[in-house]
Each structure stands twice: as structure tokens, then as C-alpha cells.
Amino acid sequence: MMAALTDNTPDMAGGAQAGPEPARVVEALELLLGPPSDGDSAAEPGPEPALSPETLRRNAAALEERLSGAAGWAALRQLRAAVLSRAPALAAGAAGAEPGWAAACGLLALLLCLKERLAALAAAAPAAPAAPGAPPPPGADTLSVGQERAVRRALRAAVGLGLLPHLPPGLGPAPGLGPPPATRGARLFAAVAALVEVARLPALGAPLLARHLRLLLSGLCGLGHGPAALCQGVSEAERAQCREALRDILDRVYQPLAVQELLILQGQPKQRRAGAGAAPGWLRRLCGHLLSERLLRPGGVQAVVRGVLEGTDGGAGAEAAALDWRKCDAVGKILAACPQQCLSLQDYYRQVCPQILDLLHIQDKVAARQFQRVATTTLLTMAREQPQLAEQHLLQPLLAPLRRCCQAAELSLEDLTAGAVLVPEAELGSCVEDVLKVYVVGNDSSSLLLGSLQSVLGVVFSLYSFAKQNVSYLRSPCQDILLWFLEKAEREQSLAVLEGLARLSSHVPTLHPQCQLRVGSEGGAAIVVGEPSSDEDEALYQKISLEQCQVESLVELLSHCQKSGLAGDFFIHCLKELTQVAAEDEAAPGPAVEPGGSLLELEQSQARQGRKVLVLQLVAALCEGVSDTVFTDIVQLKSSDFVVLKRLVPLLEELSHTYPDPLTQELASDLRIAICTHGACSPSTLGTAASSLLGRRPGMAAQSPADPPGTAPSPAAPRHSHGSPSARGDRSGGQSTCPEPSAPGASAAPCGDSLAPAGLQELLLSAYDPQPPSRAAALRQLTSLVTQRHPEALRLQEKLLQVFLENVQHEDAFVYLSAIQGISLLSSEYPERILPVLLAQYKCPAQGTEDAMAAATRMKLGEVLMRVTRALGDMVFQHREPLIRAFLRGARDPDSALRASSLSNLGELCQHLGFQLGSIIQEVTCCVTAIARTDPEAEVRRAAVHVVVLLLRGLSEKVTEVLQDVLRDLYRLLKRVVTAESDAATVLQAQLALEELDTAVRSALFPPQTLQKKIVVLP
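Every value quoted in this text rests on a predicted model; they were computed, and no experiment measured them.

Draft legend 1. The overall build of the protein chain, seen in detail. Tallying secondary structure elements over the protein chain gives 47 helices and 3 strands in all. For the protein chain, with 1019 residues in total, the buried portion stands at 49%. Residue pairs at least 24 apart in sequence account for 73% of intrachain contacts in the protein chain once pairs closer than 6 positions are excluded.

Below, the structure written as C-alpha cells:
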């Protein structure tokens, strides 16, 4: 009968013009069902309470009377007769004596009539194209709202009367209920065939499949795949038609919905229909097979995940499913298991793994957490169960963008033109984020994952170092990836990787020498083929700069590994390398290559010399960055380590006497003392020197304001030059008087907790010592006293300010950075007293100084003022006008460097003030506009535009309120800079400012829509 129903065409009904109107068919459906009851909109199918057997007989008689004699019903009578002639089972049922089945057959016949008429109208009158800007006109087969309601009611009654009572046991009514088994199969096939045919038309199939898909699938499964005893009266050809219809419907519906319905049919009792028993074994096996087919389809993985998690709408259900991690893990383990009907495990991985990686790229924020966990669980499970296949189909595609530009990549870059994009920005950023999700968030430290990640760590480190120099969102994920590997790997493997990142070995493949990183337009980075430099000096400078930047990045990375002891272990490893270098130099003090040697010997000699330089550079950077913590944590150093380190003592002794730089002499002598005493006596300048050198970097100067008093040298015996024996004697004597850290009560009496006035005077005298290390150490100790609010230091605060101001003019960075730190601490403690003095010094430097020295001193004072501004926070508003006037005056100075520095300080101050700028914004705007337009120096114009960037960034959403009077002038200025400025960096700053302005104006013009409901309580 299903084939007969499928073969019909609109012409069999007399064409589009001769058939009845759809409204007539709907009227017949309403006449057969009677007036709607209160429960006709329920989702669960079944007979309505008002449709008693007597009512069904009366409604059927009324319909037959209307069809036989009423005017305008002849066309429907003819169409209904034609439909029943092609479906003998429906014709026999409609004429039968059983009211329920007769009404079901009548409803199904009328629904088939409606389907044919709508299809004929759609074929005869195709939808007209919509006018420009107008919505598309409705099609000829479109039903009205009232007609759709009547059709849904008819479908519900047809399923409840014709399909549900005849379902097999386990799917339908309990055993013993429903029609006799001899007639159940034939009736079920007649109802299912009619509903399948109705579902072919989208206008009728949408409500049918949306509300009654599970029951329709149940009928098709029972007829097509159930036992023969359940299908009495159904031929084998009809069962084959049911199997084909089942697959056709499953392919047509929304796949997550199909997965949900199959899972319920498979046997989840909590979700099955009330009254239904457990699913029979044949149905569970069939649903499992059908689910596997859904999984193996294109896009099947995402459909299965959405269907299981029930989070397709992104609403509260998705939020709850995101928290249910057990369900996500269960789905991941299911995806990792190969279905039985799959030909081979290799084919399954080849088909499913790309879809699993696509789960990491879901854009919906709520659903992304679910899919990310499912993808991570699946990948880790596959990596444990099938490591070779997982590496081939999951890890290699995941890391492909990073491996493509690796030094060991089998890619002929010579065939690519210079400037060609090897890895686009979007692909590289997506790859880094995927690695973070899988490795770091997944947190599985198996050997397979660690080994695969190690092959691309060199590229990740290069990207991390590049992101440190630029503004990029890739810095944080790259840092997390590197730190995760260093933490999870074995200590020997981590040290080998660090050695490879430092280019001391080849354990880690690095970025290909012909590849370069380029700043992306979306805040990321792209990898391109570099252009060979024709200038050898420029190429050498770029190479040295890159190596220096990578060394600094490695030291900063190690600064996060100090708690685990990795930083100390690597520091010792580098010192051992330095010992080996020193031993090689002692063994071969002569020239490395004899005159007339071969080219190979020359290249080997150059490689050894380069390694020596790299080791020295790395040790120096580690001493600067992490040595203070390494030598204070004695647990990290063993006796065997000190045995090795003692080989450095003669070299450090010679270095402390002969090296021209006093700071290096100081560090060498302190290292020698720490090694000789096994760290029990660690001189204070070891940490002081490192802290002062760290102050050269932005944001690091205030990291260690002062060393603890217990580690400081005694104020009563200020240290002098290391060159004289007396100085060395004083040092050793002073160190011997300090108790060791392990001595009882050593921490109860620090050396600097109670400082006599004579000791303070000696510190003030040491602040004028001709040797920079001694002077800097005294300044740091004075700063520490200010921090501790020592009563003598507070009483002499004006004297301390004078000492700090005089030392600011010193040319040694170790000294003037210590002085800057002391002034900033004094000013933040007593701003009302200290700030006027600083502002006076900033306006008029000391008399008798040269112009260059005066400009440098004023720039240092500007740094002090900005540190004070950061420390004061919101309290800086009290000192707003004198600070802004001072910086505006500095912006008109003849010295270009001072002008740029003043503008930079002005921009940061405006960012801190935000909406508290007030009317003074007019002066700032006029000054910045004039400088950006007329200043001859590019760096000054760049700083002026940067002021606008910081101002907009500080105001954020309040831009339109605070800058409403000058907003147009600023916009015109920025547009002029973008179009007319020759300096690329200035243009970039202007573009950043325009982006900030665009964001602020858009948020003001188009505020986010918030849905809220106001409840008013009446008195």
C-alpha cells in the first residue's frame, strides 16, 4: 500500500483547478473530530476525552451526509474515493464497525487528501519572487493559523487512534490491551504507510515529525525489523518498504533530534512513555545500530553530542549539561569506542577524528564548554587505547600548523617566495588555543602527549618570545603551554627542553631559520617566509637582538618555576656548563684554530665560541633574574652540587679583581661567598643587584622594594671597594658576625630592626660613596627603613629626600634606580610634603648642570612622579592640576626626549584620572593637538597621539560624557594623523585610538538590550 500511495500524482485528483480547496478538507477534519476540547494542544498523542465511540459514530455519519449531499463537497468526495481506492486497508477500516479504527482511517484518508491538494497547488503556482526589501510572499501550500491548529489536532488524533494502539509490546500498550494480534500488524502498516506519505510534504511533515517522531519510528522499527510474530498480515515486500522509510525519515529530520529519539527508544526508562515496559532486545540492538549510522554520517559526531547532551538551544539546559561533567565524559568514551558495523578501526578513526577536532571550534560560549570537554575526553581516551592511530589522526593534525614551520619540517621553503604566508593568523591562533584546551585543560601527562608536544615547543617558545615584545593575546596561552610541559615532564626531560630552548642543544626543534613571525591584524601573529637581508650588519643585529630577547623570555619563564625547583636545577646545570667552559679555556689557552687550518676546523671553532658566549649570556641573565631566590632556597642545592660549584671559585675570585665593571665585580664576589659557605651566608648585594637590574624593565622596578634587613650588611660597617684588602677583610668580618640561618634564635634579631642614629648617619654617608655598589646598597637600605617606618628615618625624611634627589643625577643605573625607588616610597607615604618639592625640581632643575644632564634628571623625576601617581590611586585627584601643569610645561621643552617623556607621563596620568579630568581637558587637548600637528620629531608626535589612546582607554564608556566638547577635535586630529603622518608607529597609535573611540561611541549609541520586567506594588 505504501508503494501505491507513493505513486500518486496531482493529476490523479483532477489537477490543481478541479480539486477541492484545502479549506474544505480542513473543514471535513474538524467535522469528523467535532469541537475542540480543552486538552487538544497537549503534546502526548491519544484519543480526546470528548471522542467517545458514540461521538465518533455520530461525527462520521455527519461527514458522510455532508459529502453525499451538500453543495461544494463533490470534489472532496471524488478525491477521497480516489485515495481510498489506492489504500484498501483504510477503505475497509473506514467502513468497519469499530469506531476508533474507523475514525483513524477516516482521518488518515482526509490527511492524504489534504497532502495531495497542497502538493498540486504548490506545483501549479510556484512562489513568486519577493520584491526588493519586502518579505517573500506565502506559497500556495501555506496554511493559516487556524488551519494549522486543526491539522495538528487531526494528526494527534490519527496517531492516537490509528498508530499507538497497534504498536508491538514494549512500545505500545501493555500485553492484553489493544486489538487482537491477528489484525494488529496489518492495521499498523496501514497507519504507518499513510503517516509516512503525509510526512513527505513539508507543510504537514513538520508538525507530524516534531510531535510524533518517536511513535512513528517505533512503528517503522517494529514493522521493518521486529520479529515475524509481531508482523502478522504484513508481507516481506511491505517490511522492506518500512525499512527504507525508516532510513529516509532518519536522514531527513534534525539529526540531534533523531539521536535523542533513538536513545529513548533504546531503553532509557526515565524518558520512555508512561506505561511502556522495558525495550525488547531486538529494539535495543537496532537502535544501537541506527545510532552508529548517525555517528558515521558527515557531521555525525556533533549531532550525537548535541543529542546526548540536550544542549542544542544554549539555554538553561545547556548550562546544566555543561556542569554535568560525568555525562560529557561518558559521551567522550562512547565516541572513542569503534562501532561493530565499522569496517576497520583505521577507517573509523579517519572518519571521526576530524569531526572530534572540530568540536574544539564551537563558537557558542555555553555549548563550547560541553563540546570542549567531550572532545578532550575522547582524544585522551583514544590516545590511551590506540596511541598510534590517535597520534596519526588526532595529534598530528592538531599540531600541523606548528610543525609546518618547524626546523625539522619536511617542507621545501626554497620553493616559496619571500613574504608568502606559511601559517595564517587565524589558523595559528586556533592551533595554539586547541593545544591549550587539549594538553593543559585536559591535563593528561602521558608519554605520547608529552612527546608530541615537545616536538613543537620550540615554535611555541618563539611565539611566546615574539608575543612578549608585542601586544598579543597569544602570550598567555603560550606561557601556560610551556609551564604545563615543564611541570608535568620528568625533571631530566624538562632540563633537556630548557637546554634546547636556550639553543645549547638540539633536543627541541626550533622555528625554521627562513620563517619569521609577523604581527597579525586581529591581535595574533602569522608565520611568513622571511626575506634574506642584504645588509650583513643589519642581519647580525637582528640575530643578536633575537637571541637576547629569547634569553630574557626564558628567564621570565623560569621565574614561574621557582617553587618546583626547576629554576634552581637549571641554574646549576648552566653553572656546570660554565665550569666546563672554564676548564676548556684552562686546558687550551692558546688560539682555537692554528693558522692554515681547514674550513671545517674553523666552523667547529666558531660553533664552540658561540656556545661559550651563549652560556655566559645565559648565566648572566639567570643571575639577574632568578639568582636571589635560587641561593636563598638551600633545599635545592645538594653537597654534590656545591662540589661542582667550587670549581668556579678561582674564576670568580679573578673576575672580582680584574673585570672593569664594578657591578660584575660585586656579583662575582657575592657568588664566591655564597658558594664557599654553601649558601649559609648569602651577601645582600646578590639580591640587591638583581633587583636593581630588574628595575630596568617596565613594571619590574617595584617588584622588590628593599631586601630584608636580616640579609643586609651591617650599617655600622659600610662596605667599600672590593679592590683593597681592607674591604675584603671588612666583608668577611661583617659576614662572620651575622648568625647563620640555622642557628637558634637567628631570625629573632634581624640586623636592621633596631638601628641607632649613628648607624643611620653612616648610611647617609655611604649614600655618597664613590663606588656605585656601596652607594646603591646604602640607598636600598635607606629605602627599606622608610618602608618599615623607622622613627629615625621618618624624622629625617627631608634629609633623606635630599640624598635621594642628589643620587637621581648619578649616571649609574644601579644607583639612580635605587634613588628613584626611595623617592617614590617617600612621596607615596607623605605626598603633601614631598610632591611640591618634586614638582619644583621637575620644573627647574638644579643650577649649574648641563642641558643634557638636566633633561635626563627631569625625565627620572617624571618617572618618580608617575610611580607616585600609581601608588596614590584615586587620591591623585587632589594633586591633579599641579601634575598636569608640570607635564604640559615639560611638553614644550626644547629637548625632544623630555617632550616625549612628559607626554607619556601626561597620558598615563589622564588614564588614571579618567572622568575626574574636568575642565582641564581643554588644555590637554589643545596641547596634544598642536604637538601632533607641528612637532618636528616623530617620537614626540607619537607620544602625543599615545596620550589620546590612553585618555580614551581610561575613560572607556564615559568618553562621550567627559569629552563631549572636544570629541570632534580629537576625531579630526586622529583622522589627519592616519592620512597625513609619515611615521608608521604614529599612524598605528592613531588607528588604535580610533578603534577605542569607535568602540566607545558604538556602546553609547547602541547600548546592549536588556530584557527586564518591572513589578509595581500598589499601595
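That was the structure; now back to the text.
Draft legend 2. Broad picture of the pattern of salt bridges. Taken as a whole and assessed by the stated rule, the structure comprises 25 salt bridges. For the salt bridge of Glu981 with Arg941, the shortest nitrogen-to-oxygen distance reads 2.8 Å. In this pair, Glu981 sits in the loop between helix H46 (967-980) and helix H47 (984-1005) while Arg941 sits in helix H44 (residues 938-955), placing the two residues 40 residues apart along the sequence. Assessed through its relative accessible area of 16%, Glu981 is described here as buried. A residue is classified by how much of its surface remains accessible, and Arg941, at 11% relative accessible area, is buried. The network of salt bridges with shared partners includes Arg24, Glu27 and Arg66.

Draft legend 3. Representation of the environment of Gln989. Mapped onto the secondary structure, Gln989 falls in helix H47. Taking C-alpha positions, Gln989 is 9.0 Å from Leu974, a pair spaced 15 residues apart along the chain.

Draft legend 4. Representation of helix H8 (residues 145-163) in the model. Between its terminal C-alpha atoms H8 stretches 26 Å, which fits the 27 Å expected from 19 residues at 1.5 Å a residue. Across the 19 residues that make up H8, a large majority, 14, are buried.

Draft legend 5. Summary view of the sheet that holds strand S1 (residues 421-423). Strand order in the open sheet made by the 3 strands is S1-S3-S2, with antiparallel pairing throughout. The sheet is open, and its two borders are formed by S1 and strand S2 (515-519), each paired with just one other strand. Here the strands of the sheet are splayed against their neighbours by 45° on average, with no regard to which way each runs. In this structure, S1 lies alongside strand S3 (residues 525-529), joined through 2 bridges in antiparallel fashion. Among the inter-strand pairings, Val421 is bridged to a residue of S3, identified as Val528. Of the strands in this sheet, S1 and S3 are in contact with helix H20 (residues 425-441), which crosses S3 at around 120°.

Draft legend 6. Broad picture of unusual backbone geometry. Even without being glycine, Asn443 reaches a positive phi, approximately 60°. By the element assignment, Asn443 lies in the loop between H20 and helix H21 (447-454). Judged by relative accessible area, Asn443 falls into the partly exposed class, the value being 42%. The backbone of Arg503 sits at a positive phi, close to 65°, despite the residue not being glycine. Its place among the elements puts Arg503 in the loop between helix H24 (491-501) and S2.

Draft legend 7. Focus on a negative patch on the surface. Taken together, the side chains of Asp535, Glu536, Asp537 and Glu538 make up a negatively charged region of the molecular surface. Residue position: Glu538 is located in helix H25 (residues 536-558).

Draft legend 8. Inspection of the pairing of S3 at higher detail. Counting buried residues along S3, 5 of its 5 residues qualify, which places the element largely inside the surrounding structure. Residues Ala525, Ile527 and Val529 line one face of S3 and the alternating positions Ala526 and Val528 line the opposite face, and both faces are buried. As paired strands, S2 and S3 are joined by 5 bridges and run antiparallel to one another. Residue pairing for S3: Cys515 is matched across the bridge by Val529. The loop that links S2 with its antiparallel partner S3 comprises 5 residues; one of these, Gly523, has a positive phi angle of about 90°.

Draft legend 9. Representation of the packing of aromatic side chains in the model. Evaluated as defined, the whole model comprises 3 aromatic pairs. Seen in terms of ring centroids, Phe461 and Tyr464 are 6.4 Å apart; in terms of plane orientation they differ by 40°. Their pairing is tilted. Of this pair, Phe461 and Tyr464 are both found in helix H22 (residues 457-469), 3 residues apart, which corresponds to roughly one turn of the helix. Note on accessibility: Phe461 and Tyr464 belong to one class, buried.

Draft legend 10. Local environment of the environment of Leu764. Take Leu764: it is sitting in helix H34 (residues 757-766). On the basis of relative accessible area, Leu764 is assigned to the buried category, the value being 5%. Once the C-alpha coordinates of Leu764 and Val803 are considered, the two residues, 39 residues apart in sequence, prove to be 7.5 Å apart. Residue contacts for Leu764: discarding those within four places in its chain leaves Leu782, Lys799, Leu800 and Val803.

Draft legend 11. Focus on helix H39 (residues 831-843). Over its 13 residues, H39 runs 17 Å from end to end, which matches the ideal 18 Å to within 8%, given 1.5 Å per residue. Turning to H39, its buried residues number three or more, namely Pro831, Ile834, Leu835, Leu838, Leu839 and Tyr842. With its buried residues spanning 135° around the axis, H39 presents them on a single face. Exposed positions of H39 whose direction lies more than 90 degrees from the buried face are Glu832 and Arg833.

Draft legend 12. Molecular detail of the environment of Val837. Assignment of secondary structure puts Val837 in helix H39. Accessibility expressed as a relative area gives 33% for Val837, which makes it partly exposed. As a C-alpha pair, Val837 and Leu801 span 36 residues in sequence and 9.2 Å in three-dimensional space. If we ignore the near neighbours within four places in the chain, the residues touching Val837 are Leu801 and Leu805.

Draft legend 13. Main features of the packing of helix H14 (residues 300-309) against helix H18 (residues 365-385). The geometry of H14 relative to H18 is characterised by a closest axis approach of 11 Å and an angle of 120° between their N-to-C directions. As H14 runs across H18, the sense of the crossing is right-handed. In this structure, H14 contributes Gln302, Val305, Arg306 and Leu309 to the contact, and H18 contributes Gln370, Phe371 and Val374. Class assignment for the residues of the contact of H14 with H18 results in 4 nonpolar, 2 polar and 1 charged.

Draft legend 14. Region of interest: the state of the cysteines. Evaluation of the coordinates by the stated rule reveals 0 disulfides. Here Cys242 is not disulfide-linked; the sulfur of Cys231 is the nearest cysteine sulfur, at 8.0 Å.

Draft legend 15. Broad picture of the confidence of the model for the protein chain. Summing up the model confidence of the protein chain, the mean pLDDT is 76 and the portion of residues at 70 or higher is 78%. Predicted confidence is poor over residues 8-17, with pLDDT under 50, and the contacts of this stretch with residues over four places away or in other chains come to 16 contacts. Long-range and interchain partners of residues 269-275, a stretch whose pLDDT sits below 50, account for 16 contacts in this model, where long-range means more than four residues apart.

Analysis parameters
Residues numbered from 1 in each chain as written. Predicted model: local features only at pLDDT ≥ 70, side-chain atom pairs only at ≥ 80, totals over all residues. Heavy atoms only, no water. Helix = DSSP H or I, 4+ residues; strand = E, 2+ residues; numbered from the N terminus. Buried < 20%, exposed > 50% of the residue type's maximum accessible area, 1.4 Å probe, protein only. Contact = heavy atoms within 4.5 Å. Salt bridge = Lys/Arg side-chain N within 4 Å of Asp/Glu carboxyl O. Expected span 1.5 Å × (residues − 1). Pairing = 2+ DSSP bridges. Axes fitted to C-alpha atoms, helices over the stretch in contact; angles between N-to-C directions. Patch = residues over 30% accessible without salt bridge, like charges linked within 9 Å, V, L, I, M, F, W, Y side chains within 5 Å. Areas by Shrake-Rupley, 256 points an atom, 1.4 Å probe, with all protein chains shown as cover. Lys, Arg positive; Asp, Glu negative; His and termini not counted. Charge placed at Lys NZ, Arg CZ, Asp CG, Glu CD. Phe/Tyr/Trp six-rings, centres within 6.5 Å; stacked < 30°, edge-to-face > 60°. Arc of directions from axis to C-beta. Left-handed = near helix turned anticlockwise from the far one by under 90°. Nonpolar A, V, L, I, M, F, W, Y, C, P; charged D, E, K, R; others polar. Disulfide = S-S within 2.5 Å. pLDDT = per-residue confidence, 0-100.

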